[in-house]
Amino acid sequence: MILYPSIYLNNVKEITIELLTEKNIKGLLLDVDNTLIDFNHKILEGVKEWCEDLKKQGIKLCILSNTNKIEKVKRVAKKLDLQYINFAKKPSKSGFKRAMELLKLDAENMAIAGDQIMTDILGGNRMKMFTILTKPLDKKDIFITRVKRPLENMIIKSYLKSISKGSER
């Protein structure tokens, strides 16, 4: 199903080089809000070291965020030493295509990690990328995301039920 992730993890730090290598992933797109930083803009502990480790292993990383608050994205990108694209308009394909050009990779060699089904997962699946849904770092969300969470929680419940029956995509 287009709304189901390829995999569901607690946070981005659970994404290992072994997983990426197994799936032939050479580039990883990362959402910012509630994926790399919480509602109060605090970066997930240990994520800088995790990024450094993946980069040392040859994985290209790029932030792909829908926010139009460029200073917030810039601050996170600078702290993690990552390239970034803000105002990506996920799930539209345009931001994903810009990221593919930036990283010089094809969709089949890329993954997207984020906390929202309707933006990160839907957009990544539309591009035929490997999609990684993470649990939100914080219970607090901006208004539009709070409105979508109940529907996303129903989809997650359905997804978890389907993989427990062995129909993982």
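Quick summary incoming for the structure in this document. Remember, predicted model here, so these are calculated numbers, not experimental data.

Moving on to the overall build of the chain. For the chain, the helix and strand inventory stands at six helices and six strands. Listing every helix and strand of the chain by position from the N terminus yields β-α-β-α-β-α-β-α-β-α-β-α. Computed over its C-alpha atoms, the radius of gyration of the chain comes to 15 Å, within 12% of the 15 Å expected for a compact globule of 169 residues. Across the 169 residues in the chain, those meeting the buried criterion constitute 51%. Of the roughly 8,900 Å² of accessible surface on the chain, a fraction of 55% belongs to carbon and sulfur atoms. Averaging the coordinates of the 32 positive side-chain charges in the chain and doing the same for the 21 negative ones gives two points 5 Å apart.

We now examine the nonpolar core. Val 12, Ile 15, Leu 28, Leu 30, Trp 50 and Ile 132 are the most contacted members of the largest nonpolar core, which has 31 residues in total. Those elements giving two or more residues to this core turn out to be strand 1 (7-9), helix 1 (17-22), strand 2 (27-30), helix 2 (47-56), strand 3 (60-64), helix 3 (70-80), strand 5 (110-114) and strand 6 (130-134). Non-local contacts of Leu 28, meaning those with residues more than four positions away in its chain, are made with Ile 15, Trp 50, Leu 54, Ile 59, Lys 60, Leu 61, Cys 62, Ala 111, Ile 112, Ala 113 and Ile 132. Of all hydrophobic cores here, the second largest spans 15 residues; its members include Phe 96, Leu 103, Leu 105 and Ala 107.

With that settled, the discussion passes to the environment of Leu 102. Along the chain, Leu 102 turns up in helix 4 (residues 93-103). Exposure remark for Leu 102: the relative accessible area of 34% places this residue in the partly exposed category. Residues Leu 102 and Leu 151, spaced 49 residues apart in sequence, show a C-alpha to C-alpha distance of 33 Å. Setting aside anything within four residues of it in sequence, one finds Leu 102 in contact with Cys 62, Gln 83 and Ile 85.

The subject of this paragraph is the side chain of Asp 31. Following the sequence through the fold, Asp 31 ends up in the loop between strand 2 and helix 2. A polar contact is formed between the side chain of Asp 31 and the side chain of Lys 90, at a distance of 3.0 Å. Ignoring sequence-local partners within four residues, the contact set of Asp 31 consists of Leu 36, Leu 64, Ser 65, Lys 90, Ala 113, Gly 114, Asp 115 and Asp 120.

As enumerated under the stated definition, the model contains seven salt bridges in all. Here Asp 33 and Lys 72 are joined by a salt bridge, their closest N and O atoms 2.7 Å apart. Residue Asp 33 is located in the loop between strand 2 and helix 2, and its partner Lys 72 is located in helix 3; the two are separated by 39 residues in the primary sequence. Note on Asp 33: relative accessible area 26%, which makes it partly exposed. For Asp 81, the salt bridge is made with Lys 55, and the minimal N-O distance between the two is 3.6 Å. In this pair, Asp 81 sits in the loop between helix 3 and strand 4 (83-85) while Lys 55 sits in helix 2, placing the two residues 26 residues apart along the sequence. On the basis of relative accessible area, Asp 81 is assigned to the exposed category, the value being 55%. Three or more residues joined by partner-sharing salt bridges are found here, namely Asp 31, Lys 90 and Asp 120.

Before going further, it helps to spend a moment on unusual backbone geometry. Omega for the peptide link from Lys 90 to Pro 91 comes to 15°, which places this bond in the cis form. On the secondary structure map, Pro 91 appears in the loop between strand 4 and helix 4. The phi dihedral of Phe 87 falls on the positive side, at around 50°, and the residue is not glycine. By the secondary structure assignment, Phe 87 is in the loop between strand 4 and helix 4. By relative accessible area, which is 43% here, Phe 87 ends up partly exposed. Unusually for a residue other than glycine, Lys 128 sits at a positive phi of about 70°. The exposure class of Lys 128 is exposed, given its relative accessible area of 68%.

Here is what the cut-offs are and how they apply
- All chains use their own residue numbering, which begins from 1 and follows the written sequence.
- Where local features are concerned, this predicted model is filtered to residues with pLDDT of at least 70; where side-chain atom pairs are given and counted, the filter is 80 or more; whole-chain, interface and lining totals use all residues.
- As a rule here, side-chain values come from all non-hydrogen atoms in the structure, and water together with hydrogens is ignored.
- Labels follow the DSSP assignment, with helices taken as runs of H or I lasting at least four residues and strands as runs of E lasting at least two, numbered in each case from the N terminus.
- We compute the radius of gyration from the C-alpha atoms alone; for a globule the expected value is 2.2 Å times N to the 0.38, where N is the number of residues.
- Each residue is assigned to one of three classes by its accessible area relative to the maximum for its type, calculated with a 1.4 Å probe on protein chains only: buried under 20%, partly exposed between the two thresholds, exposed over 50%.
- The Shrake-Rupley method, run with a 1.4 Å probe sphere, supplies the accessible areas, and residue values consider only the shown protein chains as cover.
- Note on charges: Lys and Arg go in the positive column, Asp and Glu in the negative column, and His and the chain ends are not counted at all.
- In plain terms, the charge of a residue is placed at NZ if it is Lys, CZ if Arg, CG if Asp and CD if Glu.
- Side-chain atoms within 4.5 Å are what join buried Ala, Val, Leu, Ile, Met, Phe, Trp, Tyr and Cys residues into a set we call a nonpolar core.
- In this analysis, two residues are considered to be in contact whenever any of their non-hydrogen atoms come within 4.5 Å of each other.
- Throughout this description, a polar contact denotes any pair of N or O atoms lying within 3.5 Å of each other; where both atoms belong to protein, one of them has to be capable of donating a hydrogen while the other can accept it, and for residues adjacent in sequence the pair is counted only when both atoms sit in side chains.
- Criterion for a salt bridge: a side-chain nitrogen of Lys or Arg within 4 Å of a carboxyl oxygen of Asp or Glu.

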